[in-house]
Amino acid sequence: MPDLSPVPSTLPALAPLLITAFTAGTLTQLTRLLTRTGRLRARPTAARAAAAGIAALTVAALLSATLTHPSPALLLALACVTGWTGPSILARLGSLVERQLDLRPDAPGAHPGEADF
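This one's a predicted model, so the numbers in the text were calculated from it and none came from an experiment. (Residues numbered from 1 in each chain as written. Predicted model: local features only at pLDDT ≥ 70, side-chain atom pairs only at ≥ 80, totals over all residues. Heavy atoms only, no water.)

The next thing to look at is the overall build of the chain. Secondary structure summary: the chain contains 4 helices and 0 strands in total. Starting at the N terminus, the α and β elements of the chain follow one another as α-α-α-α. Here the chain, with 117 residues, has 21% of them falling under the buried criterion. Taking contacts inside the chain between residues at least 6 apart in sequence as the whole, the part at least 24 apart equals 62%. Of the roughly 8400 Å² of accessible surface on the chain, a fraction of 66% belongs to carbon and sulfur atoms. (Helix = DSSP H or I, 4+ residues; strand = E, 2+ residues; numbered from the N terminus. Buried < 20%, exposed > 50% of the residue type's maximum accessible area, 1.4 Å probe, protein only. Contact = heavy atoms within 4.5 Å. Areas by Shrake-Rupley, 256 points an atom, 1.4 Å probe, with all protein chains shown as cover.)

Here it is in structure tokens:
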């Protein structure tokens, strides 16, 4: 029986876009960090750049899922903006999603399965 899930057919089509978004976010954050004066440590710099790339990939994936026909140029531009902002944009997006779903971290039942202490 053939696999009817849309993920296998969609993922190869989105892979170049997502790889480009990750690379754009990573390079943008790396450029931002390298323009700072003073000495940079390699490990935190690489971690921040990778986290910015993951944030850019997440934003591009979310927008490509929510918009009907997203422009690749728009997604690339948003990946660069997200890369410049850094990984803190994911916390903002998370709080926005929680607000849209009417979830609050401190509300009972906001995190199912966790005991209230």
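Moving on, we come to the packing of helix α2 (residues 42-66) against helix α3 (residues 72-85). Interaxial distance between α2 and α3 falls to 8 Å at its minimum, and their mutual angle equals 145°. α3 is crossed by α2, and the crossing has right-handed handedness. Contacts from Ala52, Ala55, Ala56, Val59, Ala60, Leu63 and Ser64 in α2 reach Leu75, Leu78, Ala79, Thr82 and Gly83 in α3. Residues that form the contact of α2 with α3 fall into these classes: 9 nonpolar, 3 polar and no charged. (Axes fitted to C-alpha atoms, helices over the stretch in contact; angles between N-to-C directions. Left-handed = near helix turned anticlockwise from the far one by under 90°. Nonpolar A, V, L, I, M, F, W, Y, C, P; charged D, E, K, R; others polar.)

A cluster of basic residues, Arg36, Arg41, Arg43 and Arg48, forms a positive patch at the surface. With respect to the helices and strands, the residue Arg36 is situated in the loop between α1 (7-34) and α2. Since its relative accessible area comes to 42%, Arg36 is described here as partly exposed. (Patch = residues over 30% accessible without salt bridge, like charges linked within 9 Å, V, L, I, M, F, W, Y side chains within 5 Å. Salt bridge = Lys/Arg side-chain N within 4 Å of Asp/Glu carboxyl O. Lys, Arg positive; Asp, Glu negative; His and termini not counted. Charge placed at Lys NZ, Arg CZ, Asp CG, Glu CD.)

Moving on, we come to the nonpolar core. With 5 residues, the main nonpolar core is built from Ala21, Ala24, Ala56, Ala60 and Ala79. Of all the secondary-structure elements, those providing two or more residues to this core are α1 and α2. (Core = buried A, V, L, I, M, F, W, Y, C linked by side-chain atoms within 4.5 Å.)

As a further point, take α3. Counted at 1.5 Å a residue, the expected span for α3 with its 14 residues is 20 Å, and the 20 Å between its end C-alpha atoms agrees. Within the sequence span of α3, burial applies to Leu75, Ala79, Thr82 and Gly83. One side of α3 holds all its buried residues, which, seen down the axis, span an arc of 100°. (Expected span 1.5 Å × (residues − 1). Arc of directions from axis to C-beta.)

With the rule as written, the count across this model stands at 0 aromatic pairs. One cation-aromatic arrangement involves Arg32 over Trp84; the distance from NZ or CZ to the ring centre is 5.2 Å. (Phe/Tyr/Trp six-rings, centres within 6.5 Å; stacked < 30°, edge-to-face > 60°. Lys NZ or Arg CZ within 6 Å of the ring centre and 35° of its normal.)

Nothing here speaks to function; it is all geometry.
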